[in-house]
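# Inside the fold
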Amino acid sequence: SILAVLWLYPIFLVAMNSLKKKGFITRYPFALPDHRSFFGIENFIKGVQKTNYFAAMGNSVIITVGSVAVIILCTSMCAWYITRVHNKVNSTIYMLCLFSMIVPFQMVMFSLSKLANMMHLSNPIGIILVYLGFGAGLAVFMFCGFVKSIPLEIEEAAMIDGCTPLQTFFQVFPIMKPTTITVAILQAMWIWNDYLLPYLVLDLKKYKTIPIVIQYLKGGYGAVDWGTMMAMLVLAIVPIIIFYAACQKYIIEGVVAGAVKG
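Residues numbered from 1 in each chain as written. Predicted model: local features only at pLDDT ≥ 70, side-chain atom pairs only at ≥ 80, totals over all residues. Heavy atoms only, no water.

### Topic: the overall build of the chain
Put simply, the test is: Secondary structure elements are taken from DSSP: a helix is a run of H or I of four residues or more, a strand is a run of E of two residues or more, and numbering for both begins at the N terminus. Burial classes: relative accessible area under 20% of the type maximum marks a residue as buried, over 50% as exposed, and values in between as partly exposed (1.4 Å probe, protein chains only). Note on contacts: a residue pair qualifies if any of its non-hydrogen atoms lie within 4.5 Å across the two residues. To measure how exposed things are, a 1.4 Å probe is used in the Shrake-Rupley method; for residues, cover is taken only from the protein chains shown. Working convention for charge: Lys and Arg count positive, Asp and Glu count negative, and His plus the chain ends are omitted. Here the site of a charge means NZ on Lys, CZ on Arg, CG on Asp, or CD on Glu.
In terms of helices and strands, the chain carries 14 helices and 0 strands. Starting at the N terminus and ending at the C terminus, the chain contains elements arranged as α-α-α-α-α-α-α-α-α-α-α-α-α-α. Along the three orthogonal principal directions, the C-alpha set of the chain runs to about 75 × 50 × 30 Å. Within the span of the chain, comprising 262 residues, buried residues form 41% of the whole. Considering only intrachain contacts with a sequence separation of at least 6, the fraction spanning at least 24 residues in the chain is 73%. Accessible area for the chain stands at about 15,100 Å²; split by element, carbon and sulfur atoms hold 71% of it. Between the mean site of the 18 positive side-chain charges and the mean site of the 10 negative ones, the chain shows a separation of 15 Å.

Put into structure tokens, the structure is as follows:
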């Protein structure tokens, strides 16, 4: 309970200060709003107008939903094939997926941004392919662990009934629900809050995500409109908190699903 309070207090602090006037945030950051400092929803209105928030939110939604969907579909297929077909090529692919999890992003960010620009991926649809590459390692690892626990007899029964390999996969896919939801939550939280990759890849004259427009609230010489920034931070974290709260019961189930076979 103490740790929960420590983790939740910064979120409460941001939400509380989003309702206060700018001067009172810097002078009394830990004080509750009163009749002098209370600013209501003015910070939210001002922030939405200054940042073109709804356009940025649309870009974030397209990138997050598209990336998560592509990651789940491609990596679940990859994991199923790697687990069921044993050969050196698949073993190498699996090891490369694991290796991608330990490569620091800073090692590849400059070459990646250059390559994305050359391949015309500097848009919300193109960046989905970039996120697929970065998200594949963890997703393949988790799906492989779960597929190993699925009885092979289910797939054999589907093949006896005349299913093709692709049809067999989609018969098995609903069984992967716990791991699928876990991967979706982890990837969605990462992609929604990511700042550096969209900043490097996207054409910022046309497309901005929520973390980028929030960063743009910082003025010259370190000037920051803290009231507006706090309000935008609240709007940024609310959707992902709602998504997490709705799906969090599947996280532990999905993480440990592949730990015990059978």
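### Quick word on empty space enclosed by the protein
Our working rule: The definitions used throughout rest on a 1 Å grid laid over the protein atoms alone, on which a cavity is an enclosed set of points accommodating a 1.4 Å probe that cannot get out and a pocket is an open set flanked by protein within 12 Å on both sides along at least five of seven lines; lining residues are those having an atom within 4 Å of a point. Grid points are joined across faces, edges and corners, and a volume is the space filled by probe spheres set on the points. Any residue that is not Ala, Val, Leu, Ile, Met, Phe, Trp, Tyr, Cys, Pro, Asp, Glu, Lys or Arg is counted as polar, Gly included; the first ten are nonpolar and the last four charged.
Inspection of the entire model under this criterion finds 1 cavity of 30 Å³ or more. There is about 40 Å³ of room inside the largest cavity. Elements represented by at least two residues in the lining of the largest cavity include exactly α4 (53-84) and α10 (177-193). Sort the elements by how many residues they give to the lining of the largest cavity and α4 lands first, with 3 residues. Taken together, the residues of the lining of the largest cavity break down into 5 nonpolar, 3 polar and 1 charged.

### Some remarks on helix α3 (residues 42-51)
Applicable threshold: Regarding the arc, it is the one traced by the directions from the helix axis to the C-beta atoms.
For α3, the complete set of buried residues consists of N43, F44, G47 and T51. Along the axis of α3, the buried residues cluster in a sector spanning 95°; they form a single face. Each element contacted by the buried residues of α3 is listed here: α1 (2-17), α4, α12 (210-215) and α13 (226-247). Positive backbone phi, at 55°, marks N52, one or two positions downstream of α3.

### A few points about the side chain of S113
Here is the rule we go by: Residues adjacent in sequence count toward polar contacts only when both atoms are side-chain atoms; beyond that, a polar contact is any pair of N or O atoms within 3.5 Å, and within protein one must be able to donate a hydrogen and the other to accept it.
Residue placement: S113 occurs in helix α6 (residues 109-118). Given a relative accessible area of 18%, S113 falls into the buried group. Side-chain polar atoms of S113 contact the backbone oxygen of F110, separated by 2.8 Å.

### Some remarks on the layout of surface pockets
Considering only enclosed or pocket space, the largest pocket measures out at about 470 Å³ in volume. Together, 22 residues line the largest pocket, and S100, F105, G133, F134 and G135 are the ones closest to its centre. Put simply, the parts of the chain that give the lining of the largest pocket at least two residues each are α6, α7 (126-147), α10 and α11 (196-201). Residue contributions to the lining of the largest pocket peak at 7 residues, all from α7. Taken as a whole, the second largest pocket spans an internal volume of roughly 240 Å³. Taken together, L8, I11, M189, N193, I237, I240, I241 and Y244 make up the lining of the second largest pocket. Elements with a minimum of two residues in the lining of the second largest pocket: α1, α10 and α13. Among the residues making up the lining of the second largest pocket, the classes are represented as 7 nonpolar, 1 polar and no charged.

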